[in-house]
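Working through the structure, step by step
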Amino acid sequence: MKPGPDIIRRCSKCGDLIKEETMESGNTFGARIWTDGYMTAPMMIQQPWYVCCPHCDQAVWLDEHEVVFKRHQYDLPINDEDDIFKRAWKPKPARDHQLREYLNEGSSARGKEVHARRTLWWSGNHVRRISTSDYPPLLKREIENLTAYLKFLDEENDNERLQMAEIYREMGEYSKAKKLLDKEFEGWNRELAYFINWYNDQEFRAVREIKYKE
Ligand SMILES: [Zn+2]
């Protein structure tokens, strides 16, 4: 992995400093990916967008914090940059209740609402990712979130079409999923469609890791 410059931002709530890490290039070596599109990748920086300030714990979208300066780790510090760096801590991802509060405020920008709903989808599925036999059914609030999220997805876009198919499968609407999967996909989407379809045909509704050998 090749890191990019660190971006030092000022928290819009408390004024203290936050460090956003960036990446010039990464790779998927050692990555794990699930049928809902969630991925963990040790060789990539997965910077959350809606973050909790490490100083005041309030959730804010990263791009809404003012940029103080950017500096690559190889660059020599200018003036008091080193002191600033010490105070600039990495933010944590916002918690689920903060994402729900953001959505309940109802003033969402489209991209941010999509991001919040997808993050809540993935987060709700985490308990099922680690299961091997007992898969908790979707909660009412998860179904409500997925139903709202579906409205943003476009079946003409293959990536979004596969998310729709996966959501219908997870909601147990197998015939709707099947209809969306009945298409020639290309590249990675073809692999993903194969796995979603395989579980859909078995009427198995929990999220699954994509593995070629069990
Ligand atoms: Zn803050």
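Just so you know, these numbers come straight off a predicted model, no measurement behind them. (Residues numbered from 1 in each chain as written. Predicted model: local features only at pLDDT ≥ 70, side-chain atom pairs only at ≥ 80, totals over all residues.)

**What to know about the packing of helix α5 (residues 158–170) against helix α6 (residues 174–181)**
At a minimum axis distance of 7 Å, the contact between α5 and α6 shows a crossing angle of 160°. By the angle between their directions, the pair α5 and α6 is classed as roughly antiparallel. Considering the relative orientation of α5 and α6, their crossing is left-handed. Where α5 abuts α6, its residues Arg161, Met164, Ala165, Tyr168 and Arg169 lie against Tyr174, Lys176, Ala177, Leu180 and Leu181. (Axes fitted to C-alpha atoms, helices over the stretch in contact; angles between N-to-C directions. Helix = DSSP H or I, 4+ residues; strand = E, 2+ residues; numbered from the N terminus. Parallel < 35°, antiparallel > 145°, perpendicular 65-115°, else oblique. Left-handed = near helix turned anticlockwise from the far one by under 90°. Contact = placed C-beta atoms within 7 Å.)

**Considering unusual backbone geometry**
Within the chain, Asp57 stands out as a residue other than glycine whose phi angle is a positive 70°. For Glu203, which is not glycine, the phi torsion reads 55° and is therefore positive. Here Glu203 lies in the segment after α7 (188–201).

**Topic: the sheet that holds strand β8 (residues 59–61)**
Here we have three strands laid out as an open sheet, ordered β8-β7-β10, and antiparallel in their pairing. Of all the strands in the sheet, the pair left with one neighbour each is β8 and β10 (92–93). Bridge count between strand β7 (residues 50–52) and β8: three bridges; the pairing is antiparallel. Residue pairing across strands places Cys52 opposite Ala59, the latter belonging to β8. (Pairing = 2+ DSSP bridges.)

**Observations concerning the packing of helix α3 (residues 110–129) against helix α4 (residues 140–150)**
Two elements in contact, α3 and α4, have axes whose closest approach is 9 Å; the angle formed by their N-to-C orientations is 145°. Along this stretch, α3 crosses α4, giving a crossing that reads as left-handed. Here α3 contributes Arg117, Arg118, Leu120, Trp121 and Gly124 to the contact with α4, which in turn contributes Glu142, Asn145, Leu146, Ala148 and Tyr149.

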